[in-house]
Amino acid sequence: MSDLANSISSRQPPYFVGIDLGGTNIKVGVVDDAGRSVSHANVPSNIGQGPEAGAKRMAEAAQGAVAEASLHLSEISYAGLATPGTMDIPRGMLLHPVNLPGWDNFPIRDRVAHHLGLPVAYANDANAAAYGEFWSGGAARYHSMIMLTLGTGVGGGIIIGDLSVDGEHSHGSELGHIIIDGSDDARPIATGQRGHLEAYCSATAVADRTTEALEAGADSILAAMLDQHGEVTSLMVHEAAEAGDALANEIILETARYLGIGITTLAHAIDPAVVLLGGAMDFGGAECDVGVRFLERVRQEVRRRAFPVIAENLVIDFATLGGEAGYIGAAGIGRLAYMNEKQQLANAEIGRRKAEEG
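Bear in mind that the values here come from a model prediction, so they are computed numbers and not experimental data.

Asks: It is not clear to me how the packing of helix H7 (residues 222-229) against helix H8 (residues 234-242) should be interpreted in this structure. Could you clarify?
Replies: The relative placement of two packed helices is expressed as an angle between their axes plus a distance between the axes. Between H7 and H8, the least distance of the axes is 10 Å, while the angle of their chain directions is 150°. Considering only the axes of H7 and H8, their crossing is right-handed. Contacts between H7 and H8 involve Leu222, Met225 and His229 from the former and Met236, Val237 and Ala240 from the latter. A breakdown of the residues in the contact of H7 with H8 according to their chemical character gives five nonpolar, one polar and no charged.

Asks: When you look at the environment of Ile251 in this model, what are you seeing that I'm missing?
Replies: Residue position: Ile251 is located in helix H9 (residues 246-270). For the pair formed by Ile251 and Ala325, sequence separation is 74 residues and the distance between their alpha carbons is 28 Å. Setting aside chain neighbours within four positions, we find Ile251 in contact with Val206, Arg209, Thr210 and Val237.

Asks: Quick question: what am I supposed to make of the pattern of salt bridges here?
Replies: Oppositely charged side chains may form a pair once their charged atoms are brought near each other. Taken as a whole and judged by the stated rule, the model has 16 salt bridges. Residues Asp110 and Arg109 are paired through a salt bridge, measuring 3.1 Å at the closest nitrogen-oxygen approach. The class of Arg109 is buried, set by a relative accessible area of 17%. Glu296 is paired through a salt bridge with Arg303; the nearest N and O atoms lie 2.6 Å apart. Residue Arg303 is classed as partly exposed on the basis of its relative accessible area, which comes to 42%.

Asks: Can you help me understand the side chain of Ser170 in this one?
Replies: By secondary structure assignment, the location of Ser170 is in the loop between strand E10 (163-164) and helix H5 (198-201). Only 2.8 Å separates the side chain of Ser170 from the backbone nitrogen of Ile89, close enough to count as a polar contact. Apart from residues no more than four positions distant in its own chain, Ser170 is found in contact with Met87, Asp88, Ile89 and Pro90.

Asks: Looking at this structure, I do not really get the sheet that holds strand E12 (residues 315-318). What am I missing?
Replies: Strand pairing in a sheet takes place through backbone hydrogen bonds and is either antiparallel or parallel in direction. With mixed pairing, five strands are arranged side by side in an open sheet as E10-E9-E8-E11-E12. If you trace the sheet from one side to the other, it starts and ends with E10 and E12, each paired once. As paired elements, strand E9 (residues 154-160) and E10 share two bridges and run antiparallel to each other. Bridging from a neighbouring strand, Ile159 pairs with Ser164 of E10. The strands touched by helix H4 (residues 125-136) are strand E8 (144-150), E9, E10 and strand E11 (274-278); relative to E9, the strand with the most contacts, the crossing angle is about 50°.

Asks: When you look at the packing of aromatic side chains in this model, what are you seeing that I'm missing?
Replies: For any pair of aromatic rings, geometry is given as the distance between the ring centres together with the angle between the planes. Tallied over the entire structure, the rule returns five aromatic pairs. Consider the rings of Trp103 and Phe106, whose centres lie 6.4 Å apart with planes at 70°: the pair is edge-to-face. Trp103 gets classed as buried once you look at its relative accessible area, which sits at 0%. Among the residues examined, Phe106 registers a relative accessible area of 9% and is labelled buried. One cation-aromatic arrangement involves Arg257 over Tyr258; the distance from NZ or CZ to the ring centre is 4.9 Å.

Asks: So what exactly am I meant to see when it comes to the sheet that holds strand E1 (residues 15-21) here?
Replies: With respect to topology, five strands assemble into an open sheet ordered E3-E2-E1-E4-E7, the strand pairing being mixed. Every other strand in the sheet has two partners, leaving strand E3 (37-44) and strand E7 (120-124) as the edge strands with one partner each. In this sheet, neighbouring strand axes are inclined to one another by 15° on average, regardless of whether the strands run parallel or antiparallel. As paired elements, strand E4 (residues 76-83) and E7 share five bridges and run parallel to each other. Within E7, the position partnered with Thr83 by the bridge is Asn124. Those strands touched by H4 are E1, strand E2 (25-31), E4 and E7, and its axis lies near 105° from that of E7.

Asks: I'm lost on the packing of helix H2 (residues 51-68) against helix H3 (residues 108-116) in this one. Help?
Replies: Packing of H2 against H3 leaves a shortest axis separation of 8 Å and a crossing angle of 50°. Comparing their axes, H3 and H2 come out oblique. Between H2 and H3 the crossing geometry is right-handed. Residue-level inspection shows Glu52, Ala55, Lys56, Met58, Ala59, Ala62 and Gln63 of H2 in contact with H3, the latter providing Ile108, Arg111, Val112, His115 and Leu116.

Rules of the game
Residues numbered from 1 in each chain as written. Predicted model: local features only at pLDDT ≥ 70, side-chain atom pairs only at ≥ 80, totals over all residues. Heavy atoms only, no water. Axes fitted to C-alpha atoms, helices over the stretch in contact; angles between N-to-C directions. Helix = DSSP H or I, 4+ residues; strand = E, 2+ residues; numbered from the N terminus. Left-handed = near helix turned anticlockwise from the far one by under 90°. Contact = heavy atoms within 4.5 Å. Nonpolar A, V, L, I, M, F, W, Y, C, P; charged D, E, K, R; others polar. Salt bridge = Lys/Arg side-chain N within 4 Å of Asp/Glu carboxyl O. Buried < 20%, exposed > 50% of the residue type's maximum accessible area, 1.4 Å probe, protein only. Polar contact = N/O pair within 3.5 Å; in protein donor to acceptor, adjacent residues only side chain to side chain. Pairing = 2+ DSSP bridges. Phe/Tyr/Trp six-rings, centres within 6.5 Å; stacked < 30°, edge-to-face > 60°. Lys NZ or Arg CZ within 6 Å of the ring centre and 35° of its normal. Parallel < 35°, antiparallel > 145°, perpendicular 65-115°, else oblique.

Here it is in structure tokens:
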């Protein structure tokens, strides 16, 4: 039996399509009912072409992924779409997405559905990534979870049962914007607001804090990198820490301390079973000594600050799905919408039969 036949025989229908829109790339994939990726593809976002062209491009990429999976579009039960930016989830609207210039006030859910020919559920990209980890990733064994995505900013998602906490105004789970420093001179984020977790634990914050230390005269191999490149990145800090640089290691462990403070606050509010750390800035993750030290420092800070029951039971670990989390989670959001619609139809049928019998 061929590899394709083997893979087809192990699939579990129904099937769902997930679309994860980013400022640079669109990630799409077909996912089966067990949360396993059947096929996937990346295509450039081409944001400058405008939102209508973008909606069509996403649909075409999804159709390509369906064909790659040796399926027909009629075999796909539902699609899910995840995007960044401010949004109105119930209306399926992008509002004012900072990293999608020119896409303001665009009915993205319905336009993608129009071009794709499938019903589409809509979600925030960080919430979708969290749902992917909850459905078939690092939190699959748990009933509740928090995910923090560490990158240029700090995103997040909260999942309880099958509920993604989107909030009353589609701004729930903005975990990078909890306050961890209430002082007047707390570090600012790009909007000028101060004291947010993102101001201390994003890749941008790591680079900024390192640059400030170097400009103040700190001894580090990063000083030469700053002179050569004109900037320091979180990846450079990671590489310097691997080489044993004291300042780089200090910055990374300090970042872990701030993150532990934020996680403690979130854990006291939600009491989740697990907290997962995802995103591009994981300092090598579980496969790297720097990443292991980073994670253990986060855990230590939570144990030091949290209520005993939380300190003893909360699992804190790295996410496992990597770049696939977004489209897998988007497909999972689509699956939830599909299941809810099926239940509503079943309830309506039960009601109809009862009315006939009565």
